[in-house]
Structure formats: structure tokens, C-alpha cells
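Coordinate inspection notes
Take a look at the letters that make up each chain.
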Amino acid sequence: MSTPRTQPSGEGPEVNVVLLCKVDNARNIFNILSAIHIHHSTSKKDQMATCTASRNGLKFTIEESKSFQGNAFLQEEIFNEYRWDPKDEQGQYKFKINLSILMDCLGIFGGTSASSSFGSMGYTALQMIYPGYGESLIMMLEESGVVTDCAIKTMEAGELLDFNFRSFPITNKVIMIAESLLDAFHELDWSAGSVLILLSPDPPYFRLTSTSSSSGTSLQVTTIFSIHSQKKVKKIHSNSLTYHWVH
């Protein structure tokens, strides 16, 4: 595979880069990364992410408190052009980047949330360039003839958590509408020290229970597409959310 070349400044000799990708609509990238971008409303903490570049595309990974890991995949097919120079037999480059700043750069022409206008005057074209280890990630955005470029510092990527779920047998798997689960968590008693989760191929299918010294909350959620068990699959298409308050 030939090494990608580019001229970030538009002048001077071509320079070697290890990654170059282009997309006609930056909103698609913004929407995918929004799924793992955690907003810290009570602090000014920025969200850091580890980017892994390979022949299949880009993977952004975020971790919180050594107990949560979120991954967003930007597959090669998403981009109009994807050129990548393999590093070794594994063919991967890893670097850490400030995801909060990256999201701000993607929305520089307007629209920093799903409900706001993102590039209302037209599509925002995006080109991303990573020259190599220790270099900044260069982003060039163009909309209606207006061009802006950003350079975001990168850092050496550390070791990511390996939850190693595949080494354990999966006895139950639930596929459900995320908004229903979010509503259920909002109704739980947050003064409780823990939450009991019930999974079953039979009614009540999926239940969350939290109990504190003063009260308790039991929520039965059945807004589920399907529940998979080792022996059978049950299809459920109801949209009910049952609350049971314990005093």
C-alpha cells in the first residue's frame, strides 16, 4: 500500500501522512461520536478518547472511572476517501485526543447538538489528516466556500480496559429502545446503594429495583425488541413502563 501524501497548506512539497480521510457531510461523523461524548454538567472536565486507526476505519474509545467503556466506529465506507498507511503487522495507529474539542471543531459552522442546525446553509465537508506519532490531528472543514482548519494536539495512548466478555458464556441478551431504559434509570431512587437487575425470558422479562432505608422503587420495562436466552428467543413489541413504589 502506498503512503498517503497531502499538502495541508496548499503550498510547498507533498508530505507523508499515515492517515487521510474525507467526507462530504461532517454531520454524520458528529452524530456517531455524540453517542460516546459524555457531558460533564457539574465540572469543566473534558472528555478524552483513544483513537485507533486501521484499514477498516477509525474507532474512538472513551472510559470512565475504570468501570465504563464506550466505542464509536467510523467504518471506512462512511468516508468518500480513506487512505491509510499500515504501521506494522497489526496495522494500527493509536493516539489519545480531546473528544470535547474534536466535537467543537466538527460543529464550528453551527449546530453542536442533535436538535440544532448543523450547517444549515449546506453540507460541511471534512478532511482529517494524521501525520504520525506525536503530531496533531489536522481537520479542514469547508462550507459554502468558507474554509477553516483546526489542529488538535494528540497524546500517547495508554492501555485500554479489557472487559473480556467473550470468555464468559452469554446466558441472556436484551435488545431494547434506549430512551425507555433512560426513563427507567431516571425514576430509580438514587439514594439507594445498589440496583438489582432481573433478566428473564419469561414475564416480567426485565426489571430494575432499587431500595433505600426510606423507600424503594421497582420498575418493570417491557419496551424490548427481543430477549435472547440460551434456549429460546422471545419477541416483545409492547411499549409499557410499569412503576411500583414501595414505602
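Here goes a summary of the coordinates provided.

Rules and cut-offs
- Residues numbered from 1 in each chain as written.
- Predicted model: local features only at pLDDT ≥ 70, side-chain atom pairs only at ≥ 80, totals over all residues.
- Heavy atoms only, no water.
- Phe/Tyr/Trp six-rings, centres within 6.5 Å; stacked < 30°, edge-to-face > 60°.
- Buried < 20%, exposed > 50% of the residue type's maximum accessible area, 1.4 Å probe, protein only.
- Axes fitted to C-alpha atoms, helices over the stretch in contact; angles between N-to-C directions.
- Helix = DSSP H or I, 4+ residues; strand = E, 2+ residues; numbered from the N terminus.
- Parallel < 35°, antiparallel > 145°, perpendicular 65-115°, else oblique.
- Left-handed = near helix turned anticlockwise from the far one by under 90°.
- Contact = heavy atoms within 4.5 Å.
- Nonpolar A, V, L, I, M, F, W, Y, C, P; charged D, E, K, R; others polar.
- Core = buried A, V, L, I, M, F, W, Y, C linked by side-chain atoms within 4.5 Å.
- Arc of directions from axis to C-beta.
- Polar contact = N/O pair within 3.5 Å; in protein donor to acceptor, adjacent residues only side chain to side chain.
- Salt bridge = Lys/Arg side-chain N within 4 Å of Asp/Glu carboxyl O.

A closer look at the packing of aromatic side chains
A complete count under the given rule lists two aromatic pairs for this structure. Here the aromatic rings of F79 and Y82 are separated by 5.6 Å at their centres, their planes lie at 35 degrees, and the arrangement is tilted. For the residue pair F79 and Y82, the accessibility class agrees, reading buried in each case.

Some thoughts on the packing of helix α1 (residues 26-34) against helix α2 (residues 99-106)
Orientation of α1 relative to α2, taken along the N-to-C sense of each, is 150 degrees, at an axis distance of 10 Å. Judged by the inter-axis angle, α1 sits roughly antiparallel to α2. Handedness of the crossing formed by α1 with α2: left-handed. Two secondary-structure elements touch here, α1 through A26, I29, F30, L33 and S34 and α2 through L99, L102, M103 and L106. When its residues are assigned to classes, the contact of α1 with α2 shows eight nonpolar, one polar and no charged.

Brief notes about the nonpolar core
Ranked by internal contacts, the top residues of the largest apolar core, which has 36 residues, are L33, L58, F60, F79, L106, L126 and M139. Setting aside chain neighbours within four positions, we find F60 in contact with L33, I36, A49, T50, C51, G70, N71, A72, L74, I97 and L102.

Notes on α1
Every buried residue of α1 is listed here: A26, R27, I29, F30 and L33. Seen along its axis, α1 keeps its buried residues to an arc of 160 degrees; they face one direction. For α1, the elements touching its buried residues are β3 (19-23), β5 (57-64), β6 (68-75), α2, β9 (125-130) and β10 (137-143). Put simply, N25 is the residue that caps the front of α1, since its side-chain oxygen is 3.1 Å from the backbone nitrogen of R27.

A look at the pattern of salt bridges
Applying the stated rule across the entire model yields two salt bridges. In this structure, E81 engages K22 in a salt bridge whose closest nitrogen and oxygen atoms are separated by 3.5 Å. Separated by 59 residues along the polypeptide, E81 in strand β7 (residues 81-84) and K22 in strand β3 bring together distant segments of the chain. On the basis of relative accessibility, which here comes to 25%, the residue E81 falls in the partly exposed class. Overall, the relative accessible area of 30% leaves K22 in the partly exposed class. Linking E81 and R83 is a salt bridge whose minimum nitrogen-to-oxygen distance equals 2.6 Å. A relative accessible area of 31% means that R83 is categorised as partly exposed. Look at the salt bridges and you will find they share partners, linking K22, E81 and R83 into a network.

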